[in-house]
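This is what each chain is made of:
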Amino acid sequence: DKNDNINNNNQDKNDNINNNNNSKTTKSVFALVSETLKFCSIIDQVIELTPTAKKDFLNVSKYLIYIVLYDFLFGKKQISGGGILKKKILNNKTQLLSSVVRLKIKAKARTDLELLPLHLRNTIKLPKYIRVNSIKIDIDTVFTSLQQSFPEAQYDELFPNFLITLPNDSDLHENKLILNGSIVIQDKASCIPAVVLNPSQNSFVIDTCAAPGNKTSHLAAIMNNTGRIFAFEKDSKRVIILRKTIQRTGVTNVIALHQSFLDSDPNDPKFHQVEFILVDPSCSGSGIVGRIEDLINEDGSSEEINQPEANEDQRLTNLSAFQISVLLHACKFPNVKRISYSTCSIHEQENEMVVEKLLKQTNNKWKLEKIIPNWHRRGLDKYSFGKDCIRTIPNEDNTTGFFVACFVKADQINLNQNLQSKSKSKSQSQSQSQSQSKSQSKSQSKSQSKSQSKSQS
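All values derive from a computational prediction rather than experimental measurement.

1. Some remarks on unusual backbone geometry
1) Next: Geometrically, the link from Ala 211 to Pro 212 is a cis peptide bond, its omega value of 10° lying close to zero.
2) Next: In this model, Asn 202 sits at a positive phi of 70°, which is unusual for a non-glycine residue.
3) Next: Secondary-structure assignment places Asn 202 in the loop between helix H10 (188-197) and strand S5 (204-207).
4) Next: Phi angles above zero are rare outside glycine, and Asn 225 is one such case at about 60°.
5) Next: Along the chain, Asn 225 falls in the loop between helix H11 (214-222) and strand S6 (228-232).

2. A closer look at the pairing of strand S8 (residues 274-279)
1) Next: Burial runs high along S8: five of the six residues are buried.
2) Next: As paired elements, S5 and S8 share four bridges and run parallel to each other. What sits directly across from Ile 206, in S8, is Ile 277.
3) Next: Direction of pairing for S8 relative to strand S9 (residues 338-343): parallel, over a ladder of four bridges. Paired with Phe 276 across the bridge in S9 is Arg 338.

3. Things to note about the environment of Leu 328
1) Next: Locating Leu 328 in the fold gives a position in helix H14 (residues 312-330).
2) Next: Distance in space between the C-alpha atoms of Leu 328 and Gln 361 is 8.3 Å, their sequence separation being 33 residues.
3) Next: Those residues in contact with Leu 328 that sit more than four places away from it in its chain are Leu 358, Gln 361 and Thr 362.

What counts and what doesn't
Residues numbered from 1 in each chain as written. Predicted model: local features only at pLDDT ≥ 70, side-chain atom pairs only at ≥ 80, totals over all residues. Heavy atoms only, no water. Helix = DSSP H or I, 4+ residues; strand = E, 2+ residues; numbered from the N terminus. Buried < 20%, exposed > 50% of the residue type's maximum accessible area, 1.4 Å probe, protein only. Pairing = 2+ DSSP bridges. Contact = heavy atoms within 4.5 Å.

Honestly, it's all geometry; don't read function into it.
Now the structure itself:
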């Protein structure tokens, strides 16, 4: 028995040591991958400027190249390990370092960090937000489960009915609730568009740019998996991710359409009942602060997310033109009455300016609804409608930088106001008639008492 106890104690100690080592290794790898992802586009440029290295790297995994070159050029400034890739890099060492210098001169960057776009230089550590998928599970069950591994878990202040906050470094990649779709890692600001759109049960909805599907599945949860959601995605790889998300989260009311929303026909009979449209189009991503979830697309690429700021003005012009085109197309659906618009951008050109264009180009047929009135940060004051919109700032609001607005058809607002007015006048007339009947009954009782007193006398 004593020997067994000693062996068990030794085994427990070894297990604890192994677990600690595994935890440290996981965090180190996570940090290396996170930093490498920030520099992917810069590494691509370095390779392009170094033809001999580009030729030598042809038959090597691009992901391995990213990791090793990041460590050599921007990380530890040395190559860990050996192998053929180390030899190839050392053979091109002088040329690679020279290419980095040329990039710095061109970008007027004094440090490696200044080569990155502004939104990727940010080192803010945001909480990890967990959206509870009400289609599969309730929030209290999830909270109790997560608290066992993460005692710091809290219900979110803004969305306590479906959102839980965890520390930034919480590791959930093997958590069964993630794997079975009961919970979704989704930033708080990213949850606002679906909440604002607020489609009713059994309604028909369109998600215009749906992949990877987090907002789509959130819409489905709000609708209690009823009605119909048409989810558009033009990219062949991303539509696969969208369908996987739908399947994993137990969503059954979504039709994933592999096509551009701009190519859809608003007068197609299948869209006749659509009343709600969520517009969350491609944007600059300038509100993203560099978490690993935000640095990669769901298909594993980092394109469009960590691009350098060359020709940034032209890029913003192109993006805002696309954004307004999606909004204008959404307005063409005959029975749509509510459209949410959102970006993970801090740029006025993609946010308030797009809203202003939509209002002008639709001749005021659409108006803005003041959304989530208890949220403190609104749109820019220089716009009359700024108070109706929402903005978030990472370093002050503990969430990704976001902009959200909600358009409501003007005649729908008038209809609601008329209904409210009729309801108010009806209640007023009812109260008047009630008061009249009360006064009549009082006068009748008075006259009756008078006649009674006369007869008695």
